Amino acid sequence: MGKAWDVVIVGGGPAGLSAAIYAPRAGLSALLVEESVPGGQLLEAPTIENYPGFTESIPGIELAGRMRAQAERLGAQLQAARATGLAQRGLEWALATSAGEVRARAVIVATGARPKELPAKGAKERVGHGISYCAVCDGYFFRGKDVLVVGAGDGGLTEALVLSHLCSKVYLAVRHPQSDRHAIRAKEGLRDQVLAQPNVEVLWNVVVDEIRGEGKVEEVVLQDLATGAVRSLPVDGVFVKIGWKPNTDWLRGALDLTEGGYVRTDSLMRTDRPGLFAAGDVRDPAGRRAQAVVAAAEGALAALSAEGYTRSL
């Protein structure tokens, strides 16, 4: 931990692992700092069917393991530690971690973001067993089934539209009454497209109180916000899109973040601070999709930008 690295990558999801593959191939000494097992949200995906190069589906944990092995084979080193702060010292960056300080000429922030969890009883226990935070990732497994989407913004309605082409019935839970013209906050074109689907039904002015089922999702308990009445709705899955929270608390003071806590970068993953880059779901999400292949591509770009920067010093 005492040496100065060419580049330190913070976060071991697809973006960080991809950066850890590209950086040593460019001749940079690279350290990847990850608090837990590398893989990020890949570790929560029972099966992945849309990552290029795999003719058969692959468990997320296996894909993460392969990416890690590839990075290590190429020369990247891994350190199990939690990032707690970052400061610039001359031409170097000092990364504070739970295992000590790390110095580097460039830093790639790839700590990702986590979905805001559905605050309903029984939801946390059924993630991966009927509760999903990504229709593109998991919708295929609910073909011909009945599902509930929670979320009335662009994200929630995009989920509903994807699922409408796969599922028999898609319920959309909206926590405001139909009379509220802001009840659905998605773009008008997307809203109209979703509401035109014959198998989409909007449930107005409700919240999800509880998820029930023996080891999987079998029904949800909905509460009417106007009357307080509760009712059960049989469904096979629940897709949640109520927002994201970027993992950037440790970056406070190191650079300016967006109002939502995301890192701003340009198209080459460069922040406004020399030698500081970001990739993956930690970036400002405008126009982005939370997909492993997108994060991996951004990680590669960040590593290549870091190479150009360090060569210029």
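Look a little higher up for the structure.
These numbers were taken from a predicted model, which means no experiment stands behind them. The numbers attached to residues start from 1 for each chain and follow its sequence in the written order. Reporting in this predicted model follows two pLDDT cut-offs: at least 70 for local features of residues, and 80 or more for side-chain atom pairs to be given and counted; totals over whole chains, interfaces and linings ignore these cut-offs and use all residues. The side-chain numbers reported here are obtained from all heavy atoms of the structure, hydrogens and water having been left aside.

## Examining the pairing of strand 12 (residues 206-212)
How we decide: Partly exposed residues are those whose accessible area sits between 20% and 50% of the maximum for their type, while under 20% is buried and over 50% is exposed, using a 1.4 Å probe and protein chains only. Helix and strand definitions here come from DSSP, where helices need a minimum of 4 consecutive H or I residues and strands a minimum of 2 consecutive E residues; each element is numbered from the N-terminal end. One bridge is not enough; two strands pair if DSSP finds at least two bridges between them.
Burial analysis of strand 12 places five of its seven residues in the buried class, which makes it a mostly covered element. By the bridge criterion, six bridges tie strand 12 to strand 13 (residues 219-224) in an arrangement that is antiparallel. The residue of strand 13 that forms the bridge with valine 208 is leucine 222. Taking the residues that link successive antiparallel strands as the turn, the strand 12-strand 13 hairpin has six residues, and the phi of glycine 213 there is positive, at about 150 degrees.

## Some points on the sheet that holds strand 12
In a beta sheet, neighbouring strands are held together by backbone hydrogen bonds and run either parallel or antiparallel to one another. Keep this limit in mind: A fitted line through C-alpha atoms represents every axis, and for helices the fit uses only the stretch in contact; the resulting angles, taken between N-to-C directions, go from 0 to 180 degrees.
Strand order in the open sheet made by the three strands is 12-13-14, with antiparallel pairing throughout. At either end of the open sheet lies a strand with only one pairing partner, and these are strand 12 and strand 14 (230-234). Strand-to-strand twist of the sheet, defined as the mean angle between neighbouring strand axes without regard to direction, takes the value 30 degrees.

## Side note on the packing of helix 4 (residues 154-164) against helix 5 (residues 188-195)
Helices that pack against each other are described as a pair by the angle of their axes relative to one another and the distance between those axes. Basically, it comes down to this: Left-handed is the label given to a crossing in which the near helix is rotated counterclockwise from the far helix by less than a right angle, and right-handed is the label when the rotation is clockwise. Any two residues whose heavy atoms approach within 4.5 Å are treated as being in contact. Here the nonpolar group is Ala, Val, Leu, Ile, Met, Phe, Trp, Tyr, Cys and Pro; Asp, Glu, Lys and Arg are the charged ones; every other residue, Gly included, is treated as polar.
Two numbers describe how helix 4 lies on helix 5: the axes approach to 10 Å, and their chain directions differ by 35 degrees. Where helix 4 crosses over helix 5, the handedness of that crossing is left-handed. On helix 5, the residues that touch Asp154, Leu157, Thr158, Ala160 and Leu161 of helix 4 are Leu190, Arg191, Gln193 and Val194. Class assignment of the residues belonging to the contact of helix 4 with helix 5 gives a composition of five nonpolar, two polar and two charged.

## A short note on a nonpolar patch on the surface
What counts is decided by this rule: Think of a patch as exposed residues, more than 30% relative accessible area, with no salt bridge, where like charges cluster within 9 Å and nonpolar side chains (Val, Leu, Ile, Met, Phe, Trp, Tyr) cluster within 5 Å. Only the protein chains shown count as cover for residues, and the accessible areas themselves come from Shrake-Rupley with a 1.4 Å probe. Here, a salt bridge means any Lys or Arg side-chain nitrogen found within 4 Å of an Asp or Glu carboxyl oxygen.
On the surface, Val37, Leu43 and Ile61 cluster together into a nonpolar patch covering about 270 Å² of accessible area. In this structure, leucine 43 sits in the loop between strand 2 (30-34) and helix 2 (60-74). The class for leucine 43 is partly exposed, based on a relative accessible area of 34%.

## What to know about the nonpolar core
Quick note on the threshold: Residues grouped as a nonpolar core are buried Ala, Val, Leu, Ile, Met, Phe, Trp, Tyr and Cys residues, joined through side-chain atoms within 4.5 Å.
In terms of nonpolar packing, the biggest core is built from 34 residues, with Val7, Ile9, Ile48, Leu63, Ile108 and Phe277 touching the most fellow members. Of all elements in the fold, only strand 1 (4-10), helix 1 (14-25), strand 2, helix 2, strand 6 (100-109) and helix 6 (292-312) reach the threshold of two or more residues within this core.

## Quick word on the sheet that holds strand 15 (residues 237-240)
Taken in spatial order, the five strands of this open sheet run 8-15-9-10-11, and their pairing is parallel. In this open sheet, the two edge strands, each paired with only one partner strand, are strand 8 (131-132) and strand 11 (200-203). In this structure, strand 9 (residues 146-150) lies alongside strand 10 (residues 169-173), joined through five bridges in parallel fashion. Looking at the pairing, leucine 148 lines up with tyrosine 171 of strand 10.

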